[in-house]
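What follows is the residue order along each chain.
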Amino acid sequence: MNVSSHDNVSITLTSRDNFNAAVTKNFIVLALGLTINYINGILIHTFNKHQVFYVNPRYILFIHLVVNDMIQLTVTITLFIISYIFYKINVPLCCLLIPLAAFTTENTPLNLAVMAVECYIAVCLPLRHAVLCTVKKTYILIGFIWVAVSMSILPDLFVMLATEPREFFYSNIFCDRDILFRNPLIIKKRNVSYIVLLVIVWLTLLYTYFKILFAAKAADGDAKKARNTILLHGFQLLLCMLTYIDPALKRALLEWFPKSYSNSLFVCYIIIQILPRFVSPIVYGLRDQTFRRYLKRYFLCTVSTSINPQKTFFN
């Protein structure tokens, strides 16, 4: 079952979809992407319009996750459509798209971990929440997330620039991370960094969940709601983890369903790349009462400029 990236590309090339199947798949992906980005766009608009959101560290972290998801979804859908229209693109363009997709993909678990810690502080250390969770510290943490992820991704780019022949950068390739960063050392380093990242994030989620769980037994409904939020973070993280087993999953699908490999890849793409981006609006956009009150008006196109955000927040 040892199938290289080159083998995967060759098989995909010989089993490409017919015109009707290609149009249907691209339509489904584009429709889902536009729908999710439309919802996320309304969330961002709501966040920017009302001070009650952008002075709250919890909402700042959430909207960073939403913006991150929008970028990730846009880039991956662009790559999906390009794979059908052009199939291969020049390496410099791929060098722009793949790192951006990798940045936004690896940002998500760290952002979820930070949001879980904020929930833990709010429930278990309420008297210190105002000191520990400030707007300034929140933006510093977001910057740290990007720096941490860049330390994982930028070395791959530097190794590629140093080891690949000059002709490679003038060639056209199928734009895939394993094909662009094809050095075996890069792949091994990436697997190790994935393991370290997931261990840190899962330990953070488990620790905060059980701390909040014990607090919820003798506390009010806010602690129980925070516990449920951590569970949703865990579910979202499980979906995100599928990205890390994507190469192995593709190899398994190729062996199990060789005749319907293209359709299997499409289902995997929907589950791995699109479904996790649908969870973020649910966690706060639909569950959070403050957001929900504004979103109802935006979705119904009956936004009132006379709404007092402070009143909505405390009701």
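This structure is a prediction, so every number in the text was calculated from the model and none was measured. (Residues numbered from 1 in each chain as written. Predicted model: local features only at pLDDT ≥ 70, side-chain atom pairs only at ≥ 80, totals over all residues. Heavy atoms only, no water.)

### Comments concerning the overall build of the chain
Rules: Numbering of helices and strands starts at the N terminus; helices are DSSP runs of H or I of at least 4 residues and strands are runs of E of at least 2. Three labels apply to residues, based on accessible area from a 1.4 Å probe with only protein chains included: buried if under 20% of the type maximum, exposed if over 50%, partly exposed otherwise in between. By the convention used here, residues are in contact when the closest approach between their heavy atoms is within 4.5 Å. Only the protein chains shown count as cover for residues, with accessible areas throughout obtained via the Shrake-Rupley method and a probe of 1.4 Å.
Looking only at helices and strands, the chain has 14 helices and two strands in total. Looking at the chain as a whole, 47% of its 315 residues are labelled buried. Look at the contacts in the chain between residues 6 or more apart in sequence, and 78% of them connect residues 24 or more apart. Roughly 16,300 Å² of accessible area belongs to the chain as shown, and the carbon and sulfur atoms make up 69% of that amount.

### Considerations on the confidence of the model for the chain
In plain terms, the rule: The predictor attaches a confidence to each residue, and that confidence, scored 0 to 100, is pLDDT.
Here the chain shows a mean pLDDT of 79. Residues at 70 or above account for 82%. Looking over the chain, one finds the lowest element-wise mean pLDDT in helix H14 (residues 309–314), namely 38, and the highest in helix H4 (residues 57–85), namely 91.

### Side note on the packing of aromatic side chains
To be explicit about the condition: A pair of aromatic rings is counted whenever rings of Phe, Tyr or Trp (Trp by its six-membered ring) have centres within 6.5 Å, and the orientation is called stacked for planes under 30 degrees apart, edge-to-face for over 60 and tilted otherwise.
Using the criterion set out here, one finds nine aromatic pairs in the structure. A ring pair is formed by Phe168 and Phe169, whose centres lie 5.6 Å apart and whose planes are at 80°; its orientation type is edge-to-face. Each of the two residues, Phe168 as well as Phe169, counts as buried. An aromatic cluster of three or more residues is present, and its members are Phe80, Tyr84, Phe266 and Tyr269.

### Re the pattern of salt bridges
Short version of the rule: The term salt bridge refers to a side-chain nitrogen of Lys or Arg lying within 4 Å of a carboxyl oxygen of Asp or Glu.
In total, this model carries seven salt bridges according to the counting rule given. Note that Asp178 and Arg190 form a salt bridge whose closest N and O atoms lie 2.6 Å from each other. On the criterion of sequence distance, the pair formed by Asp178 in helix H8 (residues 177–180) and Arg190 in helix H9 (residues 184–217) is long-range, its members being twelve residues apart. By the burial criterion, Asp178 is buried, and Arg190 matches it. The network of salt bridges with common partners includes Glu106, Asp156, Arg177 and Lys189.

### Observations concerning the state of the cysteines
Defined as follows: Throughout, a disulfide means two cysteine sulfur atoms within 2.5 Å of one another.
In total, this model carries one disulfide according to the counting rule given. Cysteine Cys95 shares no disulfide, and the gap to the nearest cysteine sulfur, in Cys94, comes to 6.3 Å.

### Some remarks on the side chain of Ser150
Along the chain, Ser150 falls in helix H7 (residues 135–163). For Ser150, a relative accessible area of 15% gives the class buried.

### Overview of the environment of Cys94
Along the chain, Cys94 turns up in helix H5 (residues 91–124). Judged by relative accessible area, which is 0%, Cys94 ranks as buried. Taking the C-alpha atoms as reference points, Cys94 and Ile173, separated by 79 residues in sequence, lie 8.2 Å from one another. Apart from the residues within four sequence positions on either side, Cys94 is in contact with Ile89, Pro99, Ile173, Cys175, Asp176 and Leu180.

### Thoughts on the environment of Val149
Assignment of secondary structure puts Val149 in helix H7. Its relative accessible area of 2% is what places Val149 among the buried residues. Ignoring sequence-local partners within four residues, the contact set of Val149 consists of Phe103, Glu106, Asn107 and Leu110.

### Here we look at the environment of Leu205
For Leu205, the location among the structural elements is in helix H9. Under the relative-accessibility criterion, Leu205 is labelled buried at 3%. Spatially, the C-alpha atoms of Leu205 and Ala116 are 6.3 Å apart, while their sequence positions differ by 89 residues.

### Description of the packing of H5 against H7
Selection rule: All axes here are fitted lines through C-alpha atoms, helices being fitted over the stretch that makes contact, and every angle between N-to-C directions spans 0 to 180 degrees. Less than a right angle of anticlockwise turn of the near helix away from the far helix marks a crossing as left-handed, whereas a clockwise turn marks it as right-handed. Asp, Glu, Lys and Arg are counted as charged, while Ala, Val, Leu, Ile, Met, Phe, Trp, Tyr, Cys and Pro are counted as nonpolar; the rest, among them Gly, fall into the polar class.
Look at H5 against H7: their axes get within 9 Å of each other, and the N-to-C directions meet at 145°. The handedness of the crossing between H5 and H7 is right-handed. Contact residues: H5 offers Cys95, Pro99, Ala102, Phe103, Thr104, Glu106, Asn107, Leu110, Asn111 and Val114, while H7 offers Leu141, Ile145, Trp146, Ala148, Val149, Ser150, Ser152, Ile153, Leu154 and Met160. Considered class by class, the residues forming the contact of H5 with H7 number 14 nonpolar, five polar and one charged.

### Side note on the nonpolar core
The condition that has to hold: Put simply, a nonpolar core is a bunch of buried Ala, Val, Leu, Ile, Met, Phe, Trp, Tyr and Cys residues held in one set by side-chain atoms that sit within 4.5 Å of each other.
Leu43, Phe47, Phe53, Phe62, Ile63, Val201 and Phe291 are the most contacted members of the largest nonpolar core, which totals 42 residues. When residues of this core are traced back to their parent elements, those giving at least two are helix H2 (19–49), helix H3 (51–54), H4, H5, H7, H9, helix H10 (221–241) and helix H13 (289–299). For Phe47, the residues in contact, after removing those within four places along its chain, are Phe53, Tyr54, Tyr59, Ile60, Ile63 and Phe291. Core analysis: the second largest hydrophobic core is formed by 20 residues, Cys94, Ile98, Ile173 and Phe181 among them.

### Some points on a nonpolar patch on the surface
What counts here: Only residues whose relative accessible area exceeds 30% and that form no salt bridge enter a patch; like-charged residues are grouped when within 9 Å of one another, and nonpolar side chains (Val, Leu, Ile, Met, Phe, Trp, Tyr) when within 5 Å.
A grouping of Val267, Ile271, Leu275 and Phe278 is seen on the molecular surface, where their side chains present a nonpolar patch of about 320 Å² in accessible area. With relative accessibility at 36%, the residue Ile271 sits in the partly exposed group.

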